[in-house]
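Coordinates in review
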Amino acid sequence: MKTFSKLIALTAAGVVTIMVGCKPRGAQSAVSGDAAQKTYVAPGKYDEFYDFVSGGFSGQMSVYGLPSGRLLRVIPVFSVDPEKGYGYSEETKPMLNTSHGYVPWDDLHHIALSETNGIQDGRWVFGNGNNTPRIARIDLKTFRTAEILEIPNSAGNHSSPFITENSEYVVAGTRFSVPLDNTNGDVPINTYRQNFKGTVSFIHVDTSGRMNIAFQIQTPGVNFDLARAGKGKSHGWVFFSCYNSEQANTLLEVNASQKDKDFIMCVNWKKAEEYVKAGKAEKRIVAYAHNVYNERTHSATSEIKKEVLVLDPKNCPDMVYFMPCPKSPHGCDTDPSGEYIVGSGKLAAVIPVFSFTKIQKAIADKNFDGDYGGIPVLKYEAVLYGEVQKPGLGPLHTEFDADGNAYTSFFVSSEIVKWRLSDLKVLDRVPTYYSVGHLSVPGGPTRKPWGKYVIAYNKITKDRYLPTGPELAQSAQLYDISGEKMKLLLDFPTIGEPHYAEAIPAALIMKNSQKIFRIEDNQNPFAAKGDNNARVERKGNEVHAYITAIRSHFTPDNIEGVKLGDIVYFHITNLEQDWDIPHGFAVKGANNAELLVMPGETQTLAWKPDRVGVFPIYCTDFCSALHQEMQGYIRVSAPGSNVPISFSTGKNEGTGPIAQNK
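Residues numbered from 1 in each chain as written. Predicted model: local features only at pLDDT ≥ 70, side-chain atom pairs only at ≥ 80, totals over all residues. Heavy atoms only, no water.

This paragraph deals with the overall build of the protein chain. Broken down by element type, the protein chain carries 8 helices and 45 strands. Judged by the C-alpha coordinates and their principal axes, the protein chain covers about 95 × 60 × 45 Å. Scored against the burial criterion, the 662 residues of the protein chain give a buried share of 58%. The contacts in the protein chain between residues at least 6 apart in sequence include a share of 63% that link residues at least 24 apart. For the protein chain, the exposed area adds up to about 27,200 Å²; of that, 52% sits on carbon and sulfur atoms. Where the 68 positive side-chain charges of the protein chain centre and where its 71 negative ones centre are 2 Å apart. (Helix = DSSP H or I, 4+ residues; strand = E, 2+ residues; numbered from the N terminus. Buried < 20%, exposed > 50% of the residue type's maximum accessible area, 1.4 Å probe, protein only. Contact = heavy atoms within 4.5 Å. Areas by Shrake-Rupley, 256 points an atom, 1.4 Å probe, with all protein chains shown as cover. Lys, Arg positive; Asp, Glu negative; His and termini not counted. Charge placed at Lys NZ, Arg CZ, Asp CG, Glu CD.)

The subject of this paragraph is the pairing of strand 7 (residues 119–129). Of all 11 residues that make up strand 7, 9 are buried, and the element is covered over most of its length. Bridging between strand 6 (residues 111–116) and strand 7 involves 5 bridges; their strand directions are antiparallel. When the bridges of strand 7 are listed, A112 appears paired with F126. Connecting the antiparallel pair strand 6 and strand 7 is a turn made up of 2 residues, with N117 showing a positive phi of about 55°. Note that strand 7 and strand 8 (residues 134–139) share 6 bridges and pair antiparallel. Counterpart to G127 in the pairing with strand 8 is A136. Between strand 7 and the antiparallel strand that follows it, strand 8, lie 4 residues. (Pairing = 2+ DSSP bridges.)

Next up on the list: the sheet that holds strand 10 (residues 157–159). The 10 strands are arranged 6-7-8-9-17-18-13-12-11-10 in an open sheet whose pairing can be described as mixed. Strands with a single pairing partner mark the edges of an open sheet, and in this sheet they are strand 6 and strand 10. Neighbouring strand axes in the sheet, compared pairwise and without regard to direction, differ in orientation by 30° on average. Note that strand 10 and strand 11 (residues 169–174) share 2 bridges and pair antiparallel. If you follow N157 over to strand 11, its bridge partner there is T174. (Axes fitted to C-alpha atoms, helices over the stretch in contact; angles between N-to-C directions.)

This brings us to helix 6 (residues 356–364). Taken together, the buried positions of helix 6 are occupied by F356, I359, A362 and I363. Across the axial projection of helix 6, the buried residues extend over an arc of 120°, all falling on one side. Away from its buried face, by an angle of more than 90 degrees, helix 6 presents the exposed residues K361 and A364. Phi for K366, located one or two positions after helix 6, is positive at around 50°. (Arc of directions from axis to C-beta.)

Once that is clear, we can look at the sheet that holds strand 32 (residues 474–480). Across the sheet, 4 strands lie side by side as 30-31-32-33; this open sheet has antiparallel pairing. Of all strands in the sheet, those bounded by a partner on one side alone are strand 30 (436–440) and strand 33 (487–494). Neighbour to neighbour, the strand axes of the sheet diverge by 25° on average, direction disregarded. Across 6 bridges, strand 31 (residues 453–458) lies against strand 32 in antiparallel orientation. Looking across to strand 32, one finds that Y453 is bridged to D480.

Within this structure, the stated rule accounts for 0 disulfides. C316 forms no disulfide, and the closest cysteine sulfur to it belongs to C266, at a distance of 17 Å. When its relative accessible area of 1% is taken as the criterion, C316 is described as buried. Counting only cysteine sulfurs, C332 is the nearest neighbor of C325, a cysteine outside any disulfide, at a range of 7.6 Å. (Disulfide = S-S within 2.5 Å.)

Mapped onto the secondary structure, E339 falls in the loop between strand 20 (329–334) and strand 21 (340–345). Those residues in contact with E339 that sit more than four places away from it in its chain are K233, F354, S355, F356 and T357.

This part covers unusual backbone geometry. Between Y433 and Y434 the backbone carries a cis peptide bond, its omega angle lying at 0°. In this chain, T555 is followed by P556 through a cis amide linkage whose omega measures -5°. Topologically, P556 is positioned in the loop between strand 37 (553–555) and strand 38 (558–563). You will see that D318, though not glycine, has its phi angle at about 65°, which is positive. Note that D318 resides in the loop between strand 18 (299–311) and strand 19 (320–325).

This brings us to the layout of surface pockets. The space that makes up the largest pocket amounts to roughly 1,000 Å³. Lining the largest pocket are 30 residues; nearest its centre among them are R73, F143, S513, Q514 and W579. Breaking the lining of the largest pocket down by element, the ones donating at least two residues are strand 1 (49–54) and strand 3 (71–76). In terms of residues, the lining of the largest pocket owes the most to one element, strand 3, which gives 3 residues. Tallied by class, residues from the lining of the largest pocket come to 16 nonpolar, 3 polar and 11 charged. (1 Å grid on protein atoms, 1.4 Å probe; cavity = no way out; pocket = protein on both sides within 12 Å on 5 of 7 lines; lining within 4 Å. Points joined across faces, edges and corners; volume = space filled by probe spheres on them. Nonpolar A, V, L, I, M, F, W, Y, C, P; charged D, E, K, R; others polar.)

Those residues of helix 5 (residues 269–277) lying buried are W269, A272 and Y275. For helix 5, the angular spread of the buried residues around the axis is 105°, confining them to a single face. Structurally, helix 5 contributes buried residues whose contacts are with strand 11, strand 12 (198–205), strand 13 (211–219), strand 15 (237–243), strand 16 (262–268) and strand 18. Looking at where helix 5 begins, the residue whose side-chain oxygen comes 3.2 Å from the main-chain nitrogen of K270 is N268. Phi turns positive one or two residues past the end of helix 5, at G279, with a value near 80°. (Polar contact = N/O pair within 3.5 Å; in protein donor to acceptor, adjacent residues only side chain to side chain.)

Let us now look at the packing of aromatic side chains. Aromatic rings in a pair are described by how distant their centres are and how their planes are angled relative to each other. Considering all chains together, one arrives at 28 aromatic pairs under this definition. Ring geometry for F570 against F585: centres 4.9 Å apart, planes inclined by 50°, an arrangement best described as tilted. Here F570, found in strand 39 (residues 567–574), pairs with F585, found in strand 40 (residues 583–587); they are 15 residues apart in sequence, far enough to count as distant. F585 shares its class with F570; the two are buried. Between K515 and the ring centre of W579, over which it is positioned, the NZ or CZ distance is 4.6 Å. A cation sits over an aromatic face here: R535 above Y546, 3.8 Å from the ring centre. (Phe/Tyr/Trp six-rings, centres within 6.5 Å; stacked < 30°, edge-to-face > 60°. Lys NZ or Arg CZ within 6 Å of the ring centre and 35° of its normal.)

Right, dumping it as C-alpha cells:
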C-alpha cells in the first residue's frame, strides 16, 4: 500500500504540474535539428509506412503515412460513418448486427496486422470491439471491414486481437469477469468470487481470412488486460496480463491494488488443441453474431451462431499456468526471438523480464508456488530472467527493434525509455508531451522489426496544438530511433482516442491494392450493369429504383408514381471502371445518410418519404467538372393518387404553362 500511495501521489503531482505549468523548458529544443527534412514527403511522393491506429471511443480505425503523419484514411469498423454510408446502406447494416440487435458503435482499442512466419504480410488488419465484445477483420486490398465476429462469454473485450505468428489465431480476453452467458446472470454483485468467471477466446483464421471461435478457456474471475502470442521458440503459447487477483467488485483503484503481484497467464494453445480433439471441451449454448461482407455481391450477411466449445483448465492439465508479475500488470510483450516476455506493472518500480526457457523448466520441475483458482502458479524467481531497475514511473508497453533493444512507455513520468535486453541496462530516455500510453515500433511486436521509428500515442495534449475548446486534438509523436539516441521528429494529431497502432512498409500493401470492382463480376441482385437495365418497379408498398451512375448523370434521373407511405429503395450501381471515381447518392429528407459507391459496385439506400412533394437527388462525391449537374427529382404523391410509376432520363418536355409568381 505504501508503494501504491507514493505512486498515486506522484501521479497527482505530475497531473498538477501539467495542468498549471507552462510549456516544459526544452520542449521546443528537444526536436531534432533535421526533423523537418526527415519527415518531409514531397508532393507526389509516398510515405514509407502505413500506420494503422486504433480509434478508441470513435469505434473506427485510422491510417496515417509515416514519416509525414498525414491522415490517409478513416476505416469505419464498429461505428456508422455517413461519409461512406457504412451502417446506413442496406448492404452494410448487417455488419453491425449483434446478439443485442443493431449496435452502431464500439470502443476500438487495439489492432493486429496479419503475419506469416512471424512477419507482417499485409493481408489483413484486425481490430477489437471492447464494449460489445467483437473482433473485426479489415481487408487491406480494399481497406474495408470484411468481417465482424461477436465474442460470447465476454464483457469488455480488451486483451485482443493479438495474433499468433502464422495468423492461426487471434485471441480475445475478457476485461470484465462476469457470470457466463449460459448461467443465470441474476446474481448479487458481491458474489463475484463465487459466480463471476473470466474467459480467453481463440479465434481461428483460415487461409481466406474467415474467422470462427475454435474454443474458449474458462478462468478464475480476474480482469484480462493485454496479451501477446509467443514466437520462434515460444510459438504455440500466448501470454495474457491480468489484474484484480484480489477479485474485488468495487473501487478497484484501491481494492484491486492490494497485492504486490498479480499474474501473467501462460496458455499452451497447442495443448488446448489436443484437448479439443480429444473431446475435453464442453459444448455450451450461447448466441453470438457472425457478420461477413462479400465483395462480389457488395453486401453483408449476418448469422446468429448458437454454440461454443469451452475448456476448463481444471480438467486439462499442462495447458494453463500463472506466473506472478508486479504490480497491476498492463503490458505483456514478447521479444523478436520469443525468449523474453516483458511485463509492465502500472504500479511497479521495476520492469520484470521473464525467460521462456525458464518457464518451461519450471513447468517440467513442477516448481510451483501453490495454485490460483486451480491453476498452478509458477515461482517468480524460477521464471524471471531479470528486472530492469529504476526505469521510470508507470510502465505500460514495450516494443523492440532489430538490434536487441526494447522501448517502454511510462505514463506517469511521461517518457519513452530505451533499454537493452541482454543486460537490462537503460540506454536512453526521451520525454513525451504528455502521458504516453501505447507506443509502436514498425514491426515491433514481430520476429522482424522494421525499426527506424517509435511512435508515442499520448493521452494528454495540453499546449501542443491550437486550442479547440475544452477538448484538444488527440496526439501522436514520431521519434527517430536509427541512432544510439532517440530524437523527436514530429507531432501529429490523430482520430480520438488512439490506443495501440502497428506500422508496416507501404510496399507490402500497395502492390495488392484494389482499384476498381469489375462490373461484370458484380453479383449484387439489385445491380443495373448498364443503362438498359435501369428501371423502377413497384412491389406492394415498396418502390425499387435500379439506378446507374456515371459521369455526370443518373439513369433514371426523373421518377414519378411514388406515394406517401411507400418505402423507396434506391439501388445505385456505379458504372465507372476507372480508379478513384466513386459516386455518391443522397435524397432530400432522408433521415439516415448518403451512399458512397465505388467503381463497379452497387449500394442501396432505403428512404421513406414523410410528405408529398418533389425531392431532389444528387451525387455527393465530386466526380467531374459537371458534378454539380449530376442530379434529378423524385415526385411523391398522396396515398390515394393514381399517378403511375414512370421514369426517364433526358426528357425535358413541358406539360403545361410556366407557373407565374404572384
